[in-house]
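Geometric and topological summary
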Amino acid sequence: MSRNLYDLLGLFVSVCFIMALKGLSSPKSARRGNLIGAFGATVATVLVFFEPGSSHHHIALILGAVLFGVVVGVPAARKIQMTQMPQLVALFNGVGGGAAALVAIVEYLKLGSTASTADVVATVFTVIVGCVSFSGSVITFLKLQELMTTRPVVFPGGRFVIAGTLVGVLGTAGWVINSLGTAPLLIMGALALAFGVLFVLPVGGADVPIVISLLNAFTGLTVAASGYVLQATLLIVAGTLVGASGTILTRLMAAAMGRSLFGTLFGAFTAKPQAASEAGEVRPVKSGSAEDVAILLNYAQRVVIVPGFGLAVAQAQHTVREMADLLTSKGIDVAYGIHPVAGRMPGHMNVLLAEANVPYEQLVEMEEVNPTFPQTDVVLVVGANDVVNPAAKTTPGCPIYGMPILDVAQAGNVIFLKRSMRPGFAGIENELLYDAKTTLLFGDAKESLTKVVSALKNL
Amino acid sequence: MSNGLALLSIFVLSVFIGFEVVSKVSTTLHTPLMSGANAIHGIILVGAITVADRAANNLQLILAIIAVVLATINMVGGFVVTDRMLEMFKGKPRAAKSEAGDSK
């Protein structure tokens, strides 16, 4: 294949990626956009085997590695529960960052002392950011999978350790650029991995999606930088597109959650660790039976259901729809109040409810549902906590302060379906649970809802 | 224009395109868009294959092959999981009911 034809097809793939991102930003064209992107990526992968000047020395090994990647990646993506999807995205992002760092390391080893300063700088950038993205993504995965605490991890002198690591990374980077040695590069990579861990540890669980989005943008930039080292235009275009759009997306997400990006990343340094002692004192709450809940619902005019991650975990989306259908058939006005970050990520809850075929017109965004709460008789909070926690408005300094919430306290009655008194993902006590108009129904969301449905049928 | 400068121009122009294409997107699509962008940077697979092809010794080859595996997981898995998310949004709510059985 001639060089010109190869480059022309590379340009075609770049256009595919631009169309893909464009398509993904509108609901109508989103799925097609993703397919265009996948098509472009496939073309590029086939194409690279026909790159002029390639040796084909290791073609069997490379094809085997691609096949192995497909065998690992596709079933993981197909079988994953929709509830666990955010951590899978984090993990995919992490391995992408790791791949970019490895590519830069190999190219650096090969260039040796023939590397130009610009190449070395680009390599250093790729290795640092790729390593940060990799280790940071692994920590976000562990947090989302709840394999480690979802609270911000802050240790004494933490900020000095982080600053020290960063200085170490930059210092070794200078060393690499000056000496062109292999050992400094590996030390720099190790320090960058450590920095990735330290950088994500202090981030609270609720802010993790923003960090994933940021690391995603980082990985895009590393791909662009490795494209510079390899003189591959396609990598530069694709990586930069992801880096730029990812940065915008991160800002949009932070805005949707009412957080400043700076506050998210560095808030844990300035905030004092939350006192966990409050959990020790036992305060009275009003808990009710499924029958009590059914009676409240049955005599309501308007019911708003606030779904949260607990609903997703219990796989209760189908049962909640059954209950909503039952209430609608009794002439009760039912709507779902969807917080932008209900679930684990913006839009996550919409995906889950769409899976249960909840009619779109019943899904009401936060801005539209908030003014209707004073006219709402009953709010049923299913496995949500932080998104209705008034502390976001009343307690400056708490991790979710400033996040827009659903004003469920304005409604006549609030029913919480919860597994326990355990605080939500952000790890903050919810005062609303102790309010006089609040009723708690403890148990697995699906079992509780099933009981409520049968109680409703008997009324 | 030198080659380095040409690459820099491509980089800067791509930044503006990247900003432009996603400047208006509803919160509902944030997650799929992030996931789709995530799949796109799996294109590092092309770079991984290139360096594997040119590997001069076994160490370079091993590292490059690991990169190929990781990049493939990122790219293929990323597109598949994004498609699964977007599958949920397809069609009008009424139509979605009858199609749900087929998609499983």
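Predicted, not measured: the structure shown is a model, and the values here were computed from it. (Residues numbered from 1 in each chain as written. Chains lettered and ligands numbered in written order. Predicted model: local features only at pLDDT ≥ 70, side-chain atom pairs only at ≥ 80, totals over all residues.)

1. Considering the overall build of chain B
Note the following rule: Elements are defined by DSSP. Helices are runs of H or I of four residues or more, strands are runs of E of two residues or more, and each kind is numbered from the N terminus. Any residue with 12 or fewer other C-beta atoms within 10 Å of its own C-beta is exposed, any with 20 or more is buried, and the rest are partly exposed; the C-beta atoms used are placed from the backbone.
In terms of helices and strands, chain B carries five helices and zero strands. Along the chain direction, N to C, the helices and strands of chain B fall in the order α-α-α-α-α. For chain B, with 104 residues in total, the buried portion stands at 57%.

2. What about the overall build of chain A?
Stated precisely, the cut-off is as follows: Our contact criterion uses C-beta atoms placed from the backbone: two residues qualify when those atoms are within 7 Å.
Across its full length, chain A holds 17 helices and six strands. Within chain A, the proportion of its 459 residues that are buried is 52%. Taking all contacts inside chain A whose residues are at least 6 apart in sequence as the whole, residues at least 24 apart take part in 78%.

3. Side note on the pairing of strand β4 (residues 378–382) of chain A
Of all five residues making up β4(A), five are buried, and the element is well covered by its neighbours. What you see with β4(A) is no split at all: Val378(A), Leu380(A) and Val382(A) on one side and Val379(A) and Val381(A) on the other are buried throughout.

4. A look at helix α4 (residues 58–87) of chain B
Short version of the rule: One fewer than the residue count of a helix, multiplied by 1.5 Å, yields its expected span.
Relative to the 44 Å expected for 30 residues at 1.5 Å per residue, α4(B) spans 43 Å between its end C-alpha atoms, a close match to the ideal helical length. Buried residues dominate α4(B), accounting for 23 of its 30 residues.

5. Some words on the interface of chain A and chain B
In plain terms, the rule: When residue character is reported, Ala, Val, Leu, Ile, Met, Phe, Trp, Tyr, Cys and Pro are called nonpolar, Asp, Glu, Lys and Arg charged, and the others, Gly included, polar.
Listed per partner, the contact involves 97 residues of chain A and 77 residues of chain B. If you list the elements that add at least two residues to the side of chain A that touches chain B, you get α1 (3–24), α2 (30–48), α3 (59–79), α4 (85–111), α8 (208–230), α9 (233–256) and α14 (348–355) of chain A. With 19 residues, α9(A) is the single largest residue contributor to the side of chain A that touches chain B. By residue class, the composition of the side of chain A that touches chain B is 60 nonpolar, 30 polar and seven charged.

6. A few points about unusual backbone geometry
All names here are of chain A. Positive phi, normally seen in glycine, also occurs at His-56, with a value near 60 degrees. A tally of 10 C-beta atoms within 10 Å means that His-56 is categorised as exposed. Despite not being glycine, Gln-231 has its phi angle at roughly 55 degrees, a positive value. Tracing the chain through its elements places Gln-231 in the loop between α8 and α9. For Gln-231, a count of 13 C-beta atoms within 10 Å gives the class partly exposed.

7. Quick notes on the packing of α2(A) against α4(B)
Counted only if it meets this: For every element, the axis is a line fit to its C-alpha atoms; helices are fit only across the contacting stretch, and the angle between N-to-C directions ranges from 0 to 180 degrees. For classification purposes, angles smaller than 35 degrees are called roughly parallel, those larger than 145 roughly antiparallel, those between 65 and 115 roughly perpendicular, and all remaining angles oblique. The crossing is said to be left-handed when, going from far helix to near helix, the turn is anticlockwise and less than a right angle, and right-handed when the turn is clockwise.
For the pair α2(A) and α4(B), interaxial distance at closest approach is 9 Å and the crossing angle is 165 degrees. By the criterion of interaxial angle, the relationship of α2(A) to α4(B) is roughly antiparallel. The interaxial crossing formed by α2(A) with α4(B) has left-handed handedness. Only Met75(B), Phe79(B), Thr82(B), Asp83(B) and Leu86(B) of α4(B) make contact with α2(A), whose side of the interface consists of Ala30(A), Arg31(A), Asn34(A), Gly37(A), Ala38(A) and Ala41(A). For the contact of α2(A) with α4(B), the per-class residue count stands at six nonpolar, three polar and two charged.

8. Description of the confidence of the model for chain B
Residue and element names in this part refer to chain B. Operational definition: pLDDT measures the predictor's confidence residue by residue and takes values from 0 up to 100.
Residue-level pLDDT values for chain B average 83, and 84% of them are 70 or greater. Here residues 91–104 is modelled with pLDDT under 50, and outside its nearest four sequence neighbours on either side it reaches nine contacts, counting other chains as well. Quick note on the complex model: pTM equals 0.78, ipTM equals 0.85.

9. Things to note about the packing of α9(A) against helix α1 (residues 3–21) of chain B
Helices that pack against each other are described as a pair by the angle of their axes relative to one another and the distance between those axes. Running from N to C, α9(A) and α1(B) cross one another at 35 degrees; their axes reach a closest spacing of 7 Å. Judged by the sense of rotation from one axis to the other, the crossing of α9(A) with α1(B) is right-handed. Between α9(A), through Thr233(A), Ile236(A), Val237(A), Thr240(A), Leu241(A), Gly243(A), Ala244(A), Ser245(A) and Ile248(A), and α1(B), the contact on the second element is made entirely by Leu7(B), Ile10(B), Phe11(B), Ser14(B), Val15(B), Ile17(B), Gly18(B), Phe19(B) and Val21(B). Grouping the amino acids of the contact of α9(A) with α1(B) by side-chain chemistry returns twelve nonpolar, six polar and no charged.

10. Description of the confidence of the model for chain A
Per-residue confidence for chain A averages 86 on the pLDDT scale, and 94% of its residues sit at or above 70. Contacts of residues 271–280 of chain A to residues separated by more than four positions or lying in other chains number six contacts, the stretch itself having pLDDT below 50.

11. Notes on the domain arrangement of chain A
The line we're drawing: What counts as a domain boundary in this text is fixed by an automatic or database domain assignment.
According to the domain assignment, chain A consists of domain 1 (1–77), domain 2 (84–272) and domain 3 (284–458). Centre-to-centre separation of domain 1 of chain A and domain 3 of chain A, based on C-alpha positions: 43 Å.

12. A look at the nonpolar core
Spelled out, the test is: In these notes, a nonpolar core means any group of buried Ala, Val, Leu, Ile, Met, Phe, Trp, Tyr and Cys residues linked to one another through C-beta atoms within 7 Å.
Of all hydrophobic cores here, the largest spans 186 residues; its most connected members are Val381(A), Ile43(B), Ala48(B) and Val68(B). For this core, the element with the highest residue contribution is α4(B), accounting for 17 residues. Once residues lying within four places of it in the same chain are set aside, the contact partners of Ile43(B) are Ala41(A), Ala44(A), Val223(A), Leu234(A), Leu235(A), Ala238(A) and Met75(B).

13. Section: the sheet that holds strand β5 (residues 413–418) of chain A
Residues and elements named next belong to chain A. This is how the line gets drawn: For two strands to count as paired, DSSP must find a minimum of two bridges between them.
Read from one edge of the open sheet, six strands run β3-β2-β1-β4-β5-β6, paired in parallel fashion. What marks the edges here is a single partner per strand, and that holds for β3 (363–365) and β6 (438–442). For this sheet, the mean angle separating the axes of adjacent strands, direction not counted, is 25 degrees. In the sheet, strand β1 (residues 302–307) pairs with β4 via five bridges, with the strands oriented parallel. Across the sheet, the residue bridging to Pro-307 is Val-382, located in β4. Here helix α11 (residues 290–298) sits on the sheet in contact with β1, β4, β5 and β6, set at roughly 135 degrees to β6. Its contacts with the sheet place helix α13 (residues 317–329) against β1, β2 (333–338) and β4, and it is angled at close to 170 degrees to β1.

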